Amino acid sequence: MKLHEIRARFLQFFAERGHTVVPSSTLVPQDDPTLLFTNAGMNQFKAVFTGVETRDYKRAASCQKCMRVSGKHNDLEEVGKDARHHTFFEMLGNWSFGDYYKKESLTWGYEFLVDDMGLDPARLWYTVYKDDDEAHGIFHDDLGIPAGRILRLGDVEQGDEENFWSMGEVGPCGPCAEIHFDQGETMACDHPDGCAVGVCDCDRWLELWNHVFMQYDRDASGTLTPLPMQSVDTGLGLERLAAVLQSVDSNYKTDLFERLIACMAEACGRQAEGDDRVHMQVIADHARAVAFTLADGATPSNADRGYVIRRILRRALRHGYLLGMEEPFLYRVADEVIAAMGDAYPELVEQRDRVLTICRQEEERFLRTLGAGMKIYAEMRDRTRAAGGDRIAGEDAFKLHDTFGFPVDLTAVMAEEDGLGVDLDGYEACMDRQRAQSGRERVFMQGIGAWRALGGHRLASEFIGHDDLEADTVAVGVRSGGEDEQGPLAHVLLARSPFYPEGGGQIGDHGVLVVDGQDLPVLTTVKSEEGPALVVRGTADELASRLDGAAITARVLSARRLPTMRHHTATHLVHAALRRVLGDHVEQAGSEVTPDRLRFDFRHDRPLTREQIARVEDLVQRAVLDNQPVLRREDVPLAEAKSAGAMALFGEKYGDTVRMIEIPGGPCVAAETGLDDGETYSLELCGGTHVDATGDIGHFRIVSEGSVAAGVRRIEAVAGEAALALDRADRDLVDRLGDVLRRDGEPYLEQIEALREERDQLRKQLQAAQQASAREGLEEALASPREVGAVRLVVSMVSAENRDALLQLGDHVRDKLQSDAVAVLGAMVDGKAALLVTVTGDLVESKTLHAGNLVKDLASRVGGRGGGRPGTAQAGLPDRAALDAALDAAADVVGAQLG
């Protein structure tokens, strides 16, 4: 049975038993700051389990896209080494929210595996929590499973949480029952206590399906209190089940992976055998991860989830390099992923161009340095061994990261293969110094630990900030918020909160809490599952003592909120205008809304012209002049909102009901667009805060337009007071130009053009003088060239303003030498080390020497990269020291190539 058939059969099985089939949520969580990527099927139901959110169904089934590449759930280092670990995988699951419980869940699990999938019941083993007599009885008494194949594991009181699941240190938890498949004695291990379920973790005993029964609420003391709503959360690994059903001993031998591995084998021209197969398995896995994360809107970068994607992609490229691949290839395997899985996940097909473009660009960027980095690593390895060391120095690992883009875990993998380790503490010390120097150290104000309930209140906060900026309320919870350079921070949860938490691109509110006549500043507001979490100074203990039972006046800083609202509504108008000017293919790829400006990222494949930018700006300003009401529609069913044409943020997770922001067009917009007066101009799903009418936005100006990633453009703009301030600054600039130029002369632009032309002429004269001086400085080297075999060699450091000037000097030397000669010139051009090799025509014609080969050899010796034609070639080198070393090596390289 093919993998796609198993997926469909599972969803059909549970749909027939009253479950709502729910689409997979995005891999890129938008509302959970604790996750880089969705790593389990239950993530999208987390708020339902905690009682914060409700759905209009009590039974659900899904096939969830998952990634486990960081933190507690990190499978990255095991990928390709064994039969079952992946970065990206699919998790089948069924859920009950206070509906059915153990009997139905376990019975259906058995029926699906045995009756529907046809697994041999004699090869299934079961584990339950040590005192879960109910689950044990269902397996034994109801399903007739021999007691010898049902094992009791775990003991929470003794610290053993085997077969006991918890969402965190506190909160919902409960026993779980697992179904395992015996793959046979040929896959057994030699564990000293015997190869058995619950003893070893080898591939013989394959865990297929985990049924979690959320039965208790655990408090900070460890006390377990029965939950009023008992729920079920199950997870069945699709790839593992496919391997069992297809009678193979590895997930990588299932139909999907064999297809991807065959694609890679064809690309590199090798057989999928031995070490080469391991490399191909890693590449197949990583291609899936890259394709799905890019399709879900993530972008490779040097921070957070973007860096994880870049690490995965570069790990794949290194495995490809070991297969002899020096040109981009991963995008081809990613395209095969799209072809194989696009029917089940339409977003892959919809975002194909984005996925392949970004993947190929990332490949090209890293491949430019991969070869040189591998050579530098080899030198570091040899140097470490020669010194009797067992670890690559932290400074060396940092150099590979900083200069060649090698993630440190990639360096660690290479070192492990060579029997070495990496000084990770030394590497982190180098990273800390770089962060301190660059000022990029970020303080993440995410909550630490559990909420502490105050006054017996429920840990939930009602957001009222769409209508009110001030409220009388009480605190219902506090927790630690970590610390910054000024001291400890805490999070405060209010019963009723006017503070908007950062999300949907909008910055979090600032303000004050007035407690007993004293102001407690609110530094920002962040999301939590329980509601807006206010970040304040102090420890959780201090805040609990101060706020418990106190009357609080919560006051949002309107001087920040109101301009933020202007910019947020203006963002919607920008989006609508872009779609009018550029086309309906434009969709939002991200945004940031602050009191000072707005930033809007959108999907478009080319720069906007000056005329297009002016049209977008004009359309926004027309909407402002129309002064149309900004209509808020609450609790709209998601299906109804989509059918109405509401624009959704790409990759965002929405509940069953949503909030819509509608802006009708007025006469000014209608005159430009052809819309009827009052017809909908902008309709978006949005939970942010907005002005009451478009006229409240005020003046609007686009500040910049540019590229941020492949196929993604960015507009930055200002509105209201910020736009007026920009206008004033522009007028001041014109006035200052008048002080410099002649007010009674030609128009300012013509005067500036004349000055620029005069400057260009002077620059040409200066370059000519510098070139003449440089040629004079070469005379001594030309007069006494070095003899290397039958070839004359001129090596010199020269002065050149730019690369064109360096090329002209090379031509001058070649013309002077005429025949049987090579020149190797070095220069610092714009602060960068440049190397030029030129060969006389007779040596080129006889194929005695090749300038491109010479410069490649010289550059590779010092960590640079270069190439070119037989007669002239160039290279860029890391620094002046590398340039000096290359010049010193010139005679050796020429001699070696002469043989």
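The following paragraphs examine the structure supplied in this document. Keep in mind it's a predicted model, so treat the numbers as computed, not measured.

**Points about the overall build of the protein chain**
Along its length, the protein chain carries 26 helices and 37 strands. Seen along its three principal axes, the alpha-carbon backbone of the protein chain occupies a region of about 100 × 80 × 55 Å. With 899 residues in all, the protein chain has 52% of them scored as buried. The contacts in the protein chain between residues at least 6 apart in sequence include a share of 69% that link residues at least 24 apart. Total accessible area on the protein chain is roughly 40,100 Å²; 46% of this is exposed by carbon and sulfur atoms.

**Some thoughts on the sheet that holds strand E27 (residues 631–637)**
One open sheet accounts for three strands, arranged E27-E28-E29; its pairing is antiparallel. Each edge of the open sheet is held by one strand with a lone partner, namely E27 and strand E29 (680–685). Shown here is a sheet whose adjacent strand axes are inclined to one another by a mean of 25°, direction ignored. Strands strand E28 (657–664) and E29 of the sheet are contacted by helix H16 (residues 558–582), whose axis makes an angle of about 120° with E29.

**Quick look at the sheet that holds strand E32 (residues 786–788)**
Reading across from one edge, E32-E33-E34-E35-E37-E36 is the order of the six strands in this open sheet, with mixed pairing throughout. What marks the edges here is a single partner per strand, and that holds for E32 and strand E36 (865–868). For this sheet, the mean angle separating the axes of adjacent strands, direction not counted, is 20°. As paired strands, E32 and strand E33 (residues 791–797) are joined by three bridges and run antiparallel to one another. The residue bridging Val788 from the neighbouring strand is Val791, located in E33.

**Notes on the packing of aromatic side chains**
To describe a pair of aromatic rings, one takes the distance between the centres and the angle between the planes. Under the defined criterion, the tally for this structure stands at 22 aromatic pairs. Aromatic pair Phe45 and Trp95: ring centres 4.8 Å apart, planes at 50°, arrangement tilted. Of the two residues, Phe45 sits in the loop between strand E1 (20–21) and helix H2 (46–49) while Trp95 sits in strand E5 (residues 88–97), which places them 50 residues apart along the sequence. We note that Phe45, like Trp95, is buried. Centre to centre, the rings of Tyr57 and Phe97 are 6.5 Å apart; their planes meet at 45°, and the pair counts as tilted. Of this pair, Tyr57 sits in the loop between H2 and strand E2 (59–67) while Phe97 sits in strand E5, placing them 40 residues apart in sequence. There is no split in this pair, since Tyr57 and Phe97 are both buried. Here a set of aromatic residues connected by ring pairs shows up, and it is made of Phe10, Phe13, Phe14, Tyr100, Trp108, Phe112 and Trp209. Of note, Arg17 hangs over the ring of Phe13, and the distance from its end group to the ring centre comes to 3.5 Å.

**Section: the packing of helix H3 (residues 102–116) against helix H4 (residues 133–142)**
Running from amino to carboxyl end, H3 crosses H4 at an angle of 45°, the nearest separation of the two axes being 10 Å. With respect to H4, the axis of H3 lies oblique. H4 is crossed by H3, and the crossing has right-handed handedness. Across from Lys102, Lys103, Leu106 and Thr107 in H3, the residues of H4 making contact are Glu134, Ala135, Ile138, Phe139 and Asp142.

**Here's the deal with the pattern of salt bridges**
Applying the stated rule across the entire model yields 50 salt bridges. In this structure, Asp133 and Arg152 form a salt bridge, with 3.0 Å as the shortest nitrogen-oxygen distance. Note that Asp133 is positioned in helix H4 and Arg152 in strand E7 (residues 150–153), a separation of 19 residues in sequence. Under the relative-accessibility criterion, Arg152 is labelled partly exposed at 37%. Look at the salt bridges and you will find they share partners, linking Glu592, Arg597, Arg599, Asp601 and Arg714 into a network.

**Re the pairing of E5**
Counting buried positions along E5 gives 10 out of 10 residues, so the element sits mostly inside the fold. Residue alternation in E5 divides its side chains into two sets, Phe88, Glu90, Leu92, Asn94 and Ser96 and Phe89, Met91, Gly93, Trp95 and Phe97, and both sets are buried. With nine bridges joining them, E2 and E5 adopt antiparallel strand pairing. Across the sheet, the residue bridging to Cys66 is Phe89, located in E5. Where E5 meets strand E11 (residues 224–237), five bridges bridge the pair, whose relative direction is antiparallel.

**What about the pairing of strand E23 (residues 533–537)?**
Counted residue by residue, E23 has four buried out of five residues, so it is predominantly covered. Where strand E18 (residues 487–494) meets E23, five bridges bridge the pair, whose relative direction is antiparallel. By the bridge assignment for E23, Leu493 is matched with Ala533. In terms of strand pairing, strand E22 (residues 524–526) meets E23 through three bridges, oriented antiparallel. Across the sheet, Thr525 pairs through a bridge with Leu534, a residue of E23. Connecting E22 to the next strand, E23, in antiparallel fashion are six residues, including Gly531 with a positive phi near 135°.

**So, helix H24 (residues 851–861)**
Those residues of H24 not exposed but buried are Ala851, Gly852, Leu854, Val855, Leu858 and Ala859. Here the buried residues of H24 occupy an arc of 160° about the axis, which is enough to place them on one side. In this fold, the buried residues of H24 make contact with strand E34 (821–829), strand E35 (832–839), E36, strand E37 (872–877), helix H25 (880–888) and helix H26 (890–898). Positive backbone phi, at 85°, marks Gly863, one or two positions downstream of H24.

**Considering the side chain of Asn163**
Summarising the element assignment, Asn163 is placed in the loop between E7 and strand E8 (164–166). Classification of Asn163 by relative accessible area gives buried; the value is 2%. A polar atom in the side chain of Asn163 sits 3.1 Å from the side chain of Thr127. Sequence-distant contacts of Asn163, defined by excluding residues within four places in its chain, comprise Thr127, Val128, Tyr129, Leu153, Pro175, Cys176, Ala177 and Glu178.

**A closer look at helix H6 (residues 255–268)**
The end-to-end C-alpha separation of H6 is 20 Å, in line with the 20 Å expected for 14 residues at 1.5 Å each. The set of residues buried in H6 consists of Leu256, Phe257, Leu260, Ile261, Cys263, Met264, Ala265, Ala267 and Cys268. Buried residues along H6 sit against helix H5 (238–245), helix H7 (274–295) and helix H9 (330–341).

**Thoughts on the environment of Ile464**
Mapping Ile464 onto the fold places it in the loop between strand E15 (462–463) and strand E16 (470–473). When near neighbours in sequence (up to four residues on either side) are disregarded, Ile464 contacts Ala471, Arg496, Ser497 and Pro498.

**Overview of the environment of Asp467**
Inspection of the secondary structure puts Asp467 in the loop between E15 and E16. With 222 residues separating them along the chain, Asp467 and Thr689 place their C-alpha atoms 9.1 Å apart. A distance of 2.5 Å separates a polar atom in the side chain of Asp467 from a polar atom in the side chain of Arg632.

Quick notes on the rules
Residues numbered from 1 in each chain as written. Predicted model: local features only at pLDDT ≥ 70, side-chain atom pairs only at ≥ 80, totals over all residues. Heavy atoms only, no water. Helix = DSSP H or I, 4+ residues; strand = E, 2+ residues; numbered from the N terminus. Buried < 20%, exposed > 50% of the residue type's maximum accessible area, 1.4 Å probe, protein only. Contact = heavy atoms within 4.5 Å. Areas by Shrake-Rupley, 256 points an atom, 1.4 Å probe, with all protein chains shown as cover. Pairing = 2+ DSSP bridges. Axes fitted to C-alpha atoms, helices over the stretch in contact; angles between N-to-C directions. Phe/Tyr/Trp six-rings, centres within 6.5 Å; stacked < 30°, edge-to-face > 60°. Lys NZ or Arg CZ within 6 Å of the ring centre and 35° of its normal. Parallel < 35°, antiparallel > 145°, perpendicular 65-115°, else oblique. Left-handed = near helix turned anticlockwise from the far one by under 90°. Salt bridge = Lys/Arg side-chain N within 4 Å of Asp/Glu carboxyl O. Arc of directions from axis to C-beta. Polar contact = N/O pair within 3.5 Å; in protein donor to acceptor, adjacent residues only side chain to side chain. Expected span 1.5 Å × (residues − 1).

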